[in-house]
Amino acid sequence: VTYIPSGETPSQPTAPSKPTLTTSCSFLETQEVTISCSTDGATIYYTTDGSVPKETSSEYSEPFTVNVTTTVKAIAVNENGSSEIAEATYTKVEAMSIAKAKEAYDEAGKDTEVFINLANAVVTVNKGDYLFIQDGTTGINLYKSGATHAVGTMFTKGVLSGTSTAYKGMHQITGATFS
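Note that the structure is predicted; figures quoted are calculated from it, not measured. (Residues numbered from 1 in each chain as written. Predicted model: local features only at pLDDT ≥ 70, side-chain atom pairs only at ≥ 80, totals over all residues. Heavy atoms only, no water.)

1. Regarding the overall build of the chain
Of the regular secondary structure elements, the chain holds 1 helix and 16 strands. Computed over its C-alpha atoms, the radius of gyration of the chain comes to 24 Å, more than 25% above the 16 Å expected for a compact globule of 179 residues. When its C-alpha atoms are laid out on the principal axes, the chain stretches across 80 × 40 × 30 Å. Distance between charge centroids for the chain: 13 Å, based on 11 positive and 19 negative side chains. (Helix = DSSP H or I, 4+ residues; strand = E, 2+ residues; numbered from the N terminus. Rg over C-alpha atoms; globule rule 2.2 N^0.38 Å. Lys, Arg positive; Asp, Glu negative; His and termini not counted. Charge placed at Lys NZ, Arg CZ, Asp CG, Glu CD.)

2. Let's talk about the environment of lysine 18
With respect to the helices and strands, lysine 18 occurs in the segment before β1 (20-21). A relative accessible area of 42% places lysine 18 in the partly exposed class. Along the chain, lysine 18 and isoleucine 85 lie 67 residues apart, while their C-alpha atoms are 6.5 Å from each other. (Buried < 20%, exposed > 50% of the residue type's maximum accessible area, 1.4 Å probe, protein only.)

3. A word on the packing of aromatic side chains
Counted according to the given criterion, the structure contains 4 aromatic pairs. Here tyrosine 46 and tyrosine 60 contribute two aromatic rings whose centre-to-centre distance is 6.2 Å and whose plane-to-plane angle is 80°, an arrangement assigned as edge-to-face. Highlighted residues: tyrosine 46 in strand β5 (residues 43-47) and tyrosine 60 in the loop between β6 (58-59) and β7 (64-66), separated in sequence by 14 residues. The exposure class assigned to tyrosine 46 is buried, which follows from its relative accessible area of 15%. Residue class for tyrosine 60 comes out buried when judged on its relative accessible area of 14%. Pairing tyrosine 60 with phenylalanine 64 gives two aromatic rings, centres 6.4 Å apart and planes at 65°, and the pair type is edge-to-face. With respect to burial, tyrosine 60 and phenylalanine 64 carry one shared label: buried. Ring-pair connections join several aromatic residues into one group, and the members of that group are Tyr46, Tyr60 and Phe64. (Phe/Tyr/Trp six-rings, centres within 6.5 Å; stacked < 30°, edge-to-face > 60°.)

4. Looking at the sheet that holds strand β13 (residues 130-134)
The sheet built from 6 strands is open, its strands ordered β11-β15-β16-β14-β13-β12 with mixed pairing. Bordering the open sheet on either side are β11 (112-117) and β12 (122-126), each of which pairs with just one other strand. Each strand axis lies, on average, 40° off the axis of its neighbour in the sheet, ignoring direction. Inspection of the sheet shows β12 paired to β13 by 4 bridges, in the antiparallel sense. Bridge pairing in β13 links valine 122 to glutamine 134. Against the sheet, helix α1 (residues 98-108) touches β11, β13, β14 (139-143), β15 (159-167) and β16 (170-178), its axis set at about 165° to β11. (Pairing = 2+ DSSP bridges. Axes fitted to C-alpha atoms, helices over the stretch in contact; angles between N-to-C directions. Contact = heavy atoms within 4.5 Å.)

What follows is the structure, encoded as structure tokens:
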């Protein structure tokens, strides 16, 4: 016998909440994926081939790494049922020259996310709001990058990610991040 005081509604057992995955993103070499669920005691199952996860799928126990474009789907399961499916896609991209970053914008006809290979690129102008870098093919403006690299800095490796765009017909990168 369960006693429920007058005016109260009995609580109903519920399935776990939808899992949370590392946010969908683009990556160069590898991407670590974490999955969590806010429902205590829930078991998480996932797939990495885009198929619908079920209780016979891989059981999540710790973060894992992907090194190719991958769609991860996950569910949380407890004695009361399964959650909704959570999904994220991790897209592997290749680093490109500055010239290719400009071409990516021209080909798309709109702002385009790019990843520029900084090997042998040099800073030729640093004027606070903009930084101009140049590689063996061409140069490009990094608008409001916040970068503090001095004129003459030569990169030996690394990647610059950002959005290839144009302002008054001039190519530039906005939202630039160095790695």
